[in-house]
Amino acid sequence: MTNILDTAQRPAKPATVPTAPIAPITPLAPTNATTDGTGNTNHFNHREKQWVLYDVGNSAFVLLSTAVIPIYANSLLKAAGESNIVSTWGYMQTIASLIIALLMPILGSIADVQGMKIRFFIGFFGTGVLACCAMALPLGWVAFLAVCMLATIGLNGSLTFYDSMLIDTTTNDRMDQVSSHGYGWGYVGSTIPFIACIALIFAGPSAFGWSTTACTRASFVITALWWTAFTIPLISSYHQTHYRETADHMRDAVRGTFAELGHTFREISRNKPLWMFMIAFFFYIDAVNTVISMSTSYGTQLGIDSTQLVLALLVTQFVAFPCAIAYGRLAKRFGCKPMIMAAVIAYLGIVCFAAFFLRSATEFWILAILVGMFQGGIQALSRSYYGKIIPKSHANEYYGFYDIFGKTASILGTFIVAATTSITGNPSLGVLSIGLLLTVALVFLILQRDPATASKTAA
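Presented here is an overview of the structure given in this document. Fair warning: this is a prediction, and the values are worked out from it, not measured in the lab.

**Some thoughts on the overall build of the chain**
Then step 1. Helix and strand counts for the chain come out as 18 helices and zero strands.
Then step 2. For the chain, buried positions account for 59% of its 459 residues.
Then step 3. For the chain, the exposed surface amounts to about 17400 Å²; the carbon and sulfur share of it is 68%.

**Quick notes on a nonpolar patch on the surface**
Then step 1. Taken together, the side chains of I95, I99 and L103 present a nonpolar region at the surface, about 210 Å² in accessible area.
Then step 2. Position of I99 relative to the elements: it lies in helix α3 (residues 85-110).

**Structural notes on the nonpolar core**
Then step 1. Ranked by internal contacts, the top residues of the largest apolar core, which has 117 residues, are Y284 and Y386.
Then step 2. Considering each element in turn, this core owes the most residues, 15 residues, to helix α11 (residues 272-301).
Then step 3. In terms of nonpolar packing, the next biggest core, distinct from the first, is built from five residues, Y183, Y187, A324 and A380 among them.

**Quick look at the pattern of salt bridges**
Then step 1. Applying the stated criterion across every chain yields a total of six salt bridges.
Then step 2. Of the charged contacts in the structure, one is a salt bridge between D55 and R383, with a shortest N-O distance of 3.5 Å. Here D55 is found in helix α1 (residues 46-67), whereas its partner R383 is found in helix α14 (residues 361-389), with 328 residues between them in sequence.
Then step 3. What you see here is one network of salt bridges that share partners, running through D55, D163 and R383.

**A word on the side chain of S158**
Then step 1. Among the structural elements, S158 can be located in helix α5 (residues 141-164).
Then step 2. Using a relative accessible area of 0% as the deciding quantity, one classes S158 as buried.
Then step 3. For S158, the side chain forms a polar contact with the side chain of Y54, separated by 2.7 Å.
Then step 4. Residues within four places of S158 in sequence aside, it is in contact with Y54, F121, F124 and F125.

**Focus on the packing of aromatic side chains**
Then step 1. Going through the model one piece at a time under the given rule, you end up with 20 aromatic pairs.
Then step 2. Judged by centre distance (6.2 Å) and plane angle (25 degrees), the rings of F277 and F281 are stacked. With F277 and F281 both in helix α11, this residue pair falls four residues apart, about one helical turn.
Then step 3. Using a relative accessible area of 1% as the deciding quantity, one classes F277 as buried.
Then step 4. When the ring of F282 is compared with that of F283, the centres are 5.1 Å apart and the planes differ by 85 degrees; the resulting orientation is edge-to-face.
Then step 5. Classification of F282 as buried rests on a relative accessible area of 17%.
Then step 6. Feature note: the residues W51, Y54, F61, F121, F125, Y162 and W227 constitute an aromatic cluster, connected by ring pairs.

**Details of the state of the cysteines**
Then step 1. What the rule picks out here adds up to zero disulfides.
Then step 2. In this model C132 remains outside any disulfide bridge; the closest cysteine sulfur is found in C133, 5.9 Å from its own.
Then step 3. The buried category is assigned to C132, whose relative accessible area is 0%.

**A short note on helix α2 (residues 69-79)**
Then step 1. Taken across its eleven residues, α2 has nine buried, putting it largely inside the fold.
Then step 2. Listed in full, the buried residues belonging to α2 are I69, P70, I71, Y72, A73, N74, S75, L76 and L77.
Then step 3. Among the residues trailing α2, G81 stands out with phi positive, at a value near 85 degrees.

**Here we look at helix α12 (residues 306-334)**
Then step 1. Counted at 1.5 Å a residue, the expected span for α12 with its 29 residues is 42 Å, and the 40 Å between its end C-alpha atoms agrees.
Then step 2. By the largest-angle criterion, A320 marks the main kink of α12, which is about 30 degrees, and a proline, P322, follows within four residues.
Then step 3. The first or second residue beyond α12 is G335, which carries a positive phi of 105 degrees.

**Some details on the packing of helix α4 (residues 116-134) against α5**
Then step 1. Orientation of α4 relative to α5, taken along the N-to-C sense of each, is 155 degrees, at an axis distance of 7 Å. What the angle tells us is that α4 and α5 run roughly antiparallel. Here α4 runs over α5; the crossing is left-handed. Of α5, the residues touching α4 (which contributes K117, F120, F121, F124, F125, T127, G128, A131, C132 and A134) are V147, L150, A151, I153, G154, L155, G157, S158, F161, Y162 and S164.
Then step 2. Taken together, the residues of the contact of α4 with α5 sort by class into 14 nonpolar, six polar and one charged.

Conventions adopted
- Residues numbered from 1 in each chain as written.
- Predicted model: local features only at pLDDT ≥ 70, side-chain atom pairs only at ≥ 80, totals over all residues.
- Heavy atoms only, no water.
- Helix = DSSP H or I, 4+ residues; strand = E, 2+ residues; numbered from the N terminus.
- Buried < 20%, exposed > 50% of the residue type's maximum accessible area, 1.4 Å probe, protein only.
- Areas by Shrake-Rupley, 256 points an atom, 1.4 Å probe, with all protein chains shown as cover.
- Patch = residues over 30% accessible without salt bridge, like charges linked within 9 Å, V, L, I, M, F, W, Y side chains within 5 Å.
- Salt bridge = Lys/Arg side-chain N within 4 Å of Asp/Glu carboxyl O.
- Core = buried A, V, L, I, M, F, W, Y, C linked by side-chain atoms within 4.5 Å.
- Polar contact = N/O pair within 3.5 Å; in protein donor to acceptor, adjacent residues only side chain to side chain.
- Contact = heavy atoms within 4.5 Å.
- Phe/Tyr/Trp six-rings, centres within 6.5 Å; stacked < 30°, edge-to-face > 60°.
- Disulfide = S-S within 2.5 Å.
- Expected span 1.5 Å × (residues − 1).
- Bend = angle between axes of the 7 residues up to and from the residue.
- Axes fitted to C-alpha atoms, helices over the stretch in contact; angles between N-to-C directions.
- Parallel < 35°, antiparallel > 145°, perpendicular 65-115°, else oblique.
- Left-handed = near helix turned anticlockwise from the far one by under 90°.
- Nonpolar A, V, L, I, M, F, W, Y, C, P; charged D, E, K, R; others polar.

Following this line, the structure appears as C-alpha cells:
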C-alpha cells in the first residue's frame, strides 16, 4: 500500500448610534415533531435537520485537515529539506486562529443586524470551499500552508455564525439534543467522502494510473464538493429569528458595534456564573482543539505509518457518532455541566496517555478511540449549555463572545505545543503542556455555580 509520506508533494442596550428596537423574539415551535409521552420531542423538524446538515458538510474538511492534509504538508516539507511538522503546523493553526479572533468582535456584532448573519456565513463558507479547491494546485510548502490557512479561516469563520444559528433553529429545551446530533451526524457523515478520498489515494495509482500526489490533491476537490452540497439546504432555508433592526444601513451598524460590544462585555463581567464558565471554556476547548489539530502531526513526528494514522482517525469518527448523541441524552439525566466536567477529566487522562505512552500505532489507535468518546460530547454540550445561560434577547451577540473565546483559545494551545516542542526538541513535552490548560478549566468549573441547576431548584 502506498504511503502518503512517500509523495513529494474552525445588546445589549441601544448602541451610540440610532437603531430601531430589538426585534421581538418568536419562540420556535418544533413543528412536525412527535413526543415520547414526557413532553420531549424525539423527531427533528425541517429547520433543525437543515441546521444539522451543515455539520455533516464541514466535518468532511475537518477530518481531512486532521488526517490527510498534515501528512501531505509533511511530505512537502521533507521535499524542501524541512523536518519539524509539529511546530510548523502548530504555527500555521495559531495564525489562522488569531485572524479569526481579531475579526469576530466586529463581524459577530454586525451579524446581529437583520439579514447579516447569513451573508457573513456564506462569505466565510465560500472562502473555505474555494481555498480547499485551491489546495489541489501544485504548490510549494509555503504556498500550500498559506492556502490551507485561508481554508481554515473560512471554516472557523463560518462556524462562528453557524453556532449562533442554533438559537434561531430550535427551542431552549431541545438545544442539547440538536447540538449533539449536529456533532454526531457530522462525525459519521464526514466518513463517507473521507473513505472515498482514502480509497482514491491508495487505489488510484493502480486503478487510474494517477500518481499518489495527484490522487491526494483530487481528495481536496472531493471534500469541497461534499462541503458545498450539505451547506445548500441551510442557506436556502435559514431564517434569522433573533436580530437587531437598523434603519441606517451598514455604516451605522459598524459605528455602533464597539459600543454594543463594550456593554455586552460589562454585562458578562457582572454575571459571575457566566464569566466563570467562559474562562473554563477558554481553557478546556483550547485543549480539545489542540488535540484535534495536532494529533496527526504528532503521530507523524513519532514516525507512525501514515496509513495507521488515517485508519485510526477514521475509527474516531465512528466512535464519536454514538458517543456525541449519548452525551446529549446523558445531559438530560445528569445535567450539562456535570457531563462537561466528566469530559474535561477524561481529556486530562488522554493528554497524559499521549505524552507518556504513545509511541506506536497501537497506542495511537487507543488514543483515537478515547478522543472519539469525549470529543463530540464536550463540544456539543458546551454550545448548548452556553445558549441556556445567556440572555435570550441578546443571544447572537453573546455567541459572538463565545466564539471569540473559542478561537482565541486555539491560539494559545497550538502555540504552547509548538513553542515547547521547538525549545525542548521533545514533542511529548509539548503535548503534556495541554494538561495545564485542562487543570485550570476544571478548577473554574468546580467553583462555578450552575445557573441551570439554580433555576430548576428555584422552580
